[in-house]
Amino acid sequence: MRTAQFTEPAPSSPRALAHWSVGEIAVHRVDEVPLPPATGPWLLPAATPDVVAEHEWLRPDFAGADGVLHLDSHSFALVVDGLRVLVDTGIGNGKTRANPAWHDLRTDYLARLADIGFTPENVDLVILTHLHTDHVGWNTREVDGAWAPTFPNARYLTSKAEYEFWAAYEMDDARRGMFRDSVVPVEEAGLLDLVAVPAEGIDVADGLRLLSTPGHTPGQIAVQVSSAGATALVTGDAVHHPVQLAHPEIGSCVDIDPVRAEATRRALLARLADTGGLLLGTHFPAPTAGRVVAEGDGYLLEPVVAAPAGR
Ligand SMILES: [Zn+2]
């Protein structure tokens, strides 16, 4: 299914942010902010310092010597099938949020996107793995006191099941506010496309496939990129942190269906294990990506360091 058209030639080899090569495709990490140290113990309470200490490979990048998990917020940007694609849009700037780590940010996220030639006007496709606050923020930005789509010429894609779940959900004020400032304006501009994602997945462009990964939220999707025999998978929040490779049973406190979330996580990891496919963690701090290798009852992440900016 082809869901978007581009209006000008896409850059063939953007090379200004940290990136990984997946076949012919460069996948860039667009940094937003590191998340504060309190995030790990709140989000993944079973990942105690004792559990983390058992897995040497987590340190120093994914956890500190004190066992505190490192997490961050970023998007991935790539050009595939002639389309400039952004996967997830982070927390956003200037949004009123109860969580102080998310409240009223002032990051240079758009300048980082511009470094690879992505402008608000030329992004073709925005894929939202799920409709949580820290994945939809840059959907919109403030223009003249109102929230307007940041990428006015893009199609924004999310799964139909995800949208329909939240549409029927009894939201608290905070979540309703988030929808009002970050989802509704996109919908009202006619830019939101809802995709029915079957269990086996669905192609949305040549080399770009959405996979159904329910549990964290009912309609969550992961995004698979394929080129020249190589593949990469953007996890969304099916996996929040690499410690969940060693312990797939560890869930997050915000998983809506923890049993299903664990089954999805185990299936994703099994699918990737020992295939050489690249896992791109939506909240993994640098090095962010790696190959999944079976170890004991679980897995470990063999990091693949991004090529540095400017190369
Ligand atoms: Zn998240």
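Residues numbered from 1 in each chain as written. Predicted model: local features only at pLDDT ≥ 70, side-chain atom pairs only at ≥ 80, totals over all residues. Heavy atoms only, no water.

Student: Any chance you could break down the overall build of the protein chain for me, citing the residues and the numbers?
Tutor: When its secondary structure is counted, the protein chain shows nine helices and 16 strands. Taking 311 residues into account, the globule formula puts the C-alpha radius of gyration at 19 Å, and the protein chain, at 18 Å, falls close to it. When the backbone C-alpha atoms are referred to their principal axes, the protein chain occupies close to 50 × 45 × 35 Å. Counting across all 311 residues of the protein chain, residues that qualify as buried make up 56%. A fraction of 69% describes how many contacts in the protein chain between residues 6 or more apart in sequence connect residues 24 or more apart. On the protein chain, roughly 12,500 Å² of surface is accessible, and the fraction owed to carbon and sulfur atoms is 52%. Taken together, the 22 basic and 41 acidic charged side chains of the protein chain have centroids lying 3 Å from each other. (Helix = DSSP H or I, 4+ residues; strand = E, 2+ residues; numbered from the N terminus. Rg over C-alpha atoms; globule rule 2.2 N^0.38 Å. Buried < 20%, exposed > 50% of the residue type's maximum accessible area, 1.4 Å probe, protein only. Contact = heavy atoms within 4.5 Å. Areas by Shrake-Rupley, 256 points an atom, 1.4 Å probe, with all protein chains shown as cover. Lys, Arg positive; Asp, Glu negative; His and termini not counted. Charge placed at Lys NZ, Arg CZ, Asp CG, Glu CD.)

Student: Mind laying out the environment of Arg 266, listing which residues take part and the relevant values?
Tutor: Within the secondary structure layout, Arg 266 lies in helix H9 (residues 258-272). Residue class for Arg 266 comes out partly exposed when judged on its relative accessible area of 37%. If we skip the residues at most four places from it in the chain, Arg 266 touches Pro 248, Glu 249 and Tyr 299.

Student: Quick one: what's the story with the coordination of the zinc ion, residue by residue and with numbers?
Tutor: Asp 134 (OD), His 135 (NE2), Asp 237 (OD) and His 283 (NE2) make up the full set of protein donors to the zinc ion, lying at 2.1 to 2.3 Å. Its four donor atoms give the zinc ion angles of 83 to 161° at the centre, a pattern that matches the irregular case. Sequence positions of the donors to the zinc ion reduce to the motif D-H-x101-D-x45-H. With Asp 134 in helix H4 (residues 133-136) and His 283 in the loop between strand S14 (278-280) and strand S15 (289-295), this residue pair connects regions lying 149 residues apart in the sequence. Both residues of the pair, Asp 134 and His 283, count as buried. (Donors = N, O, S within 2.8 Å, 3.2 Å for Na, K, Ca; no water. Tetrahedral: all angles 85-135°; square planar, octahedral: opposite > 155°, others 65-115°.)

Student: Summarise the nonpolar core; cite the residues concerned and give the values.
Tutor: Trp 57, Leu 69, Val 243, Leu 245 and Val 292 are the most contacted members of the largest nonpolar core, which has 35 residues in total. Looking at this core, the elements with two or more residues in it are helix H2 (49-53), helix H8 (243-246), H9 and strand S16 (298-303). Here Leu 245 is in contact with Trp 57, Val 239, Leu 269, Phe 284, Val 292, Gly 298, Tyr 299, Leu 300 and Leu 301, once residues within four sequence places are set aside. One finds Ile 25, Val 197, Val 204 and Leu 208 within the second-largest nonpolar core, a separate group that totals 29 residues. (Core = buried A, V, L, I, M, F, W, Y, C linked by side-chain atoms within 4.5 Å.)

Student: So what's going on with the pattern of salt bridges? Which residues, and what values?
Tutor: Summed over the entire model, instances satisfying the criterion amount to ten salt bridges. Between Arg 97 and Asp 181 there is a salt bridge, with its nearest N and O atoms 2.9 Å apart. Of this pair, Arg 97 sits in the loop between strand S4 (83-87) and helix H3 (109-115) while Asp 181 is found in helix H6 (residues 173-182), placing the two residues 84 residues apart along the sequence. For the residue pair Arg 97 and Asp 181, the accessibility class agrees, reading buried in each case. As a salt-bridge pair, Arg 209 and Asp 203 come within 3.0 Å of each other at their nearest N and O atoms. Judged by relative accessible area, which is 38%, Asp 203 ranks as partly exposed. In the salt-bridge network here, residues are joined through shared partners; they are Lys 95, Arg 97 and Asp 181. (Salt bridge = Lys/Arg side-chain N within 4 Å of Asp/Glu carboxyl O.)

Student: Explain the side chain of Asn 139 to me, and be specific about the residues and the numbers.
Tutor: Along the chain, Asn 139 turns up in the loop between H4 and strand S6 (140-143). In contact with Asn 139, other than residues within four places in its own chain, are Thr 89, Val 126, Leu 128, Ala 148, Pro 149, Thr 150, Phe 151, Tyr 156, Ser 182 and Val 186.

Student: Before we move on, could you go through the sheet that holds strand S5 (residues 125-127) and cite the residues and values that matter?
Tutor: A sheet is described by the order of its strands in space; here seven strands give the open sequence S1-S2-S3-S4-S5-S8-S9, paired in mixed fashion. Every interior strand has two partners, whereas the edge strands, strand S1 (19-22) and strand S9 (192-195), have only one. With strand direction ignored, the average angle separating the axes of adjacent strands in the sheet is 25°. Bridge count for strand S3 (residues 72-80) against S4 is five bridges, and the pairing is antiparallel. (Pairing = 2+ DSSP bridges. Axes fitted to C-alpha atoms, helices over the stretch in contact; angles between N-to-C directions.)

Student: For the sheet that holds strand S10 (residues 202-205), give the residues involved together with the corresponding values.
Tutor: Spatially, the seven strands line up as an open sheet ordered S10-S11-S12-S13-S14-S15-S16, and their pairing is mixed. Each of the sheet's edge strands pairs with one partner strand only, and the pair in question is S10 and S16. In this sheet, adjacent strand axes meet at a mean angle of 35° when their direction is disregarded. When strand S12 (residues 221-227) meets strand S13 (residues 230-234), the two strands line up antiparallel, connected through five bridges. Across the sheet, residue Val 225 finds its bridge partner in S13, namely Ala 232.

Student: Outline unusual backbone geometry, listing residues and values.
Tutor: The general pattern is negative phi for most residues beyond glycine and trans for most peptide bonds. The residue after Arg 59, namely Pro 60, is reached through a cis peptide bond having omega 5°. Its location among the elements puts Pro 60 in the loop between H2 and S3. Of note, the amide linkage connecting Ala 286 to Pro 287 takes the cis form, showing an omega dihedral of 10°. One can find Pro 287 in the loop between S14 and S15. We note that Asp 144 has phi near 50°; this positive angle belongs to a residue other than glycine.

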